[in-house]
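Read off the chains here:
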Amino acid sequence: MKKLILPLLILLTVACTPEEEVTSTFWVNSFRSTCDAGAGKMQCLLIDKSDSISGNWNYFYSNIQNFNYQEGYIYQIKVKVDTLEASQTPADASNIQYTLAEVLSKTFDKKTILNDIWALETIQGETIELNENDERPRLEISIRDRRITGFDGCNNLAGAISELTEQKLVVTSVVSTEKACLNAPPYEKAFPTALILTTHYKIEGTTLTLIDKQGNSTATFRKVD
């Protein structure tokens with residue numbers, strides 16, 4: 001009889017032991033990005049699973065239950081990861097469920113201040129002088145799309161942001177329309193050149209200053225709104 005009781009006790013102990021909780025810790029970027037969800041486009045969170053932020057952001061296609069995400073902030077969070085039974089999984093959905101366990105940190109992302117339209121004030125140290133009917137050159141920055149667009153006084157321009165931190169800003173692949181303008185402003189060609197030469201930036205109040213690798217100002221802008 002004793003020989004039967006011992007295996008039975010072992011079996012009951014194993015059966016009653018709860019499964020070990022599976023968790024994952026990662027960083028969540030300050031903005032969502034458009035991703036391809038198979039059935040169409042959606043706005044995905046961007047996550048980085050490194051111990052410290054590496055800049056290697058990846059799309060996160062699932063929802064995180066109980067996570068009240070607020071754009072403009074970088075989070076480090078810990079989530080509980082559950083594998084659902086087939087009967088609990090909606091059609092065409094993942095069987096992995098994520099639930100917020102803890103917000104480890106929440107920090108305002110200073111880079112988001114760049115997200116705006118900026119009116120050109122100076123170019124390579126020279127103040128922009130406008131005639132009565134001139135339209136002021138401007139720069140619009142989208143960190144979500146990692147792109148810039150703008151107007152140089154004659155043509156529209158666009159470029160890609162290849163590097164962006166709280167100090168660094170590198171713009172590449174700058175292209176512009178090729179409209180021939182009568183009385184084209186002298187800064188028309190200097191504007192895209194200033195963007196290409198930029199490696200850093202600083203924001204003081206409503207003024208954005210672009211800076212080259214020698215530490216010189218390539219252009220300054222005033223926040224439009």
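Our subject is the structure that appears above.
Now for a look at the structure at hand. None of these values were measured; they are calculated from a predicted model.

Another aspect to go through is the packing of aromatic side chains. Taken as a whole and judged by the stated rule, the model has eight aromatic pairs. A ring pair is formed by Tyr69 and Tyr75, whose centres lie 5.8 Å apart and whose planes are at 40 degrees; its orientation type is tilted. Ring centres of Tyr73 and Phe108 lie 5.8 Å apart, and the angle between their planes is 70 degrees; on these two criteria the pair is classed as edge-to-face. Here Tyr73, found in strand β6 (residues 73–83), pairs with Phe108, found in strand β7 (residues 96–108); they are 35 residues apart in sequence, far enough to count as distant. A residue is classified by how much of its surface remains accessible, and Tyr73, at 24% relative accessible area, is partly exposed. Judged by relative accessible area, which is 41%, Phe108 ranks as partly exposed. In this structure an aromatic cluster arises from ring pairing among Phe26, Phe60 and Tyr98. The cationic tip of Lys106 hangs over the ring face of Tyr73; the distance from NZ or CZ to the ring centre is 4.7 Å.

To continue, consider the pairing of strand β12 (residues 156–164). Relative to β12, strand β11 (residues 147–151) is paired through five bridges, and the arrangement is antiparallel. Paired with Ile148 across the two strands is Gly159, which belongs to β12. Note that β12 and strand β13 (residues 169–176) share six bridges and pair antiparallel. If you follow Ile161 over to β13, its bridge partner there is Val171. Hairpin connection of β12 to β13: four residues between the antiparallel strands.

Our next topic: the environment of Thr218. As for its position among the elements, Thr218 is in strand β16 (residues 217–223). Using a relative accessible area of 2% as the deciding quantity, one classes Thr218 as buried. Counting along the chain gives 94 residues from Thr218 to Gln124, while the straight-line C-alpha distance between them is 4.6 Å. Discounting residues that sit within four places of it in the chain, Thr218 has contacts with Ile123, Gln124, Ala194, Leu197, Thr198, Leu210, Ile211 and Asp212. Within the structure, the side chain of Thr218 is placed 3.5 Å from the backbone oxygen of Ala194, a separation counted as a polar contact.

Our focus in this paragraph is unusual backbone geometry. Note: most residues except glycine have negative phi, and most peptide bonds are trans. Non-glycine residue Asn66 carries a positive phi angle of around 70 degrees. On the basis of relative accessible area, Asn66 is assigned to the exposed category, the value being 60%. Located in the positive-phi region is Gln124, a residue other than glycine, with phi close to 50 degrees. Tracing the chain through its elements places Gln124 in the loop between β8 (116–123) and β9 (126–127). Looking at Gln124, the relative accessible area reads 46%, which means it is partly exposed.

Before going further, it helps to examine the state of the cysteines. Inspection of every chain in the model, using the stated rule, returns two disulfides. Note that Cys154 is cross-linked by a disulfide to Cys181, the S-S spacing being 1.8 Å. With the S-S bond torsion at 95 degrees, the cross-link from Cys154 to Cys181 turns out right-handed. Of this pair, Cys154 sits in the loop between β11 and β12 while Cys181 sits in the loop between β13 and α2 (190–197), placing them 27 residues apart in sequence.

Once that is clear, we can look at the nonpolar core. Counting 27 residues, the largest nonpolar core has Ile123, Ile141, Ile148, Leu208 and Phe221 as the members making the most contacts within it. Of all the secondary-structure elements, those providing two or more residues to this core are β8, β10 (138–142), β12, β13, α2, β15 (207–212) and β16. Ranked by residues supplied to this core, first place goes to α2 with four residues. For Phe221, the contacting residues outside a window of four places in its chain are Trp118, Ala119, Leu120, Glu121, Leu139, Phe191, Thr206, Thr207, Leu208 and Leu210. Counting residues in hydrophobic clusters, the runner-up holds 14 residues, among them Val28, Leu45, Phe67 and Leu100.

Along the polypeptide, Lys111 turns up in the loop between β7 and β8. Under the relative-accessibility criterion, Lys111 is labelled buried at 14%. Within polar-contact distance, the side chain of Lys111 engages the side chain of Asp109 at 2.9 Å. For Lys111, the contacting residues outside a window of four places in its chain are Ile74, Ile143, Leu164, Thr165, Glu166 and Tyr201.

Conventions and cut-offs
- Residues numbered from 1 in each chain as written.
- Predicted model: local features only at pLDDT ≥ 70, side-chain atom pairs only at ≥ 80, totals over all residues.
- Heavy atoms only, no water.
- Phe/Tyr/Trp six-rings, centres within 6.5 Å; stacked < 30°, edge-to-face > 60°.
- Helix = DSSP H or I, 4+ residues; strand = E, 2+ residues; numbered from the N terminus.
- Buried < 20%, exposed > 50% of the residue type's maximum accessible area, 1.4 Å probe, protein only.
- Lys NZ or Arg CZ within 6 Å of the ring centre and 35° of its normal.
- Pairing = 2+ DSSP bridges.
- Contact = heavy atoms within 4.5 Å.
- Polar contact = N/O pair within 3.5 Å; in protein donor to acceptor, adjacent residues only side chain to side chain.
- Disulfide = S-S within 2.5 Å.
- Core = buried A, V, L, I, M, F, W, Y, C linked by side-chain atoms within 4.5 Å.

What is shown is where atoms sit, not what they do.
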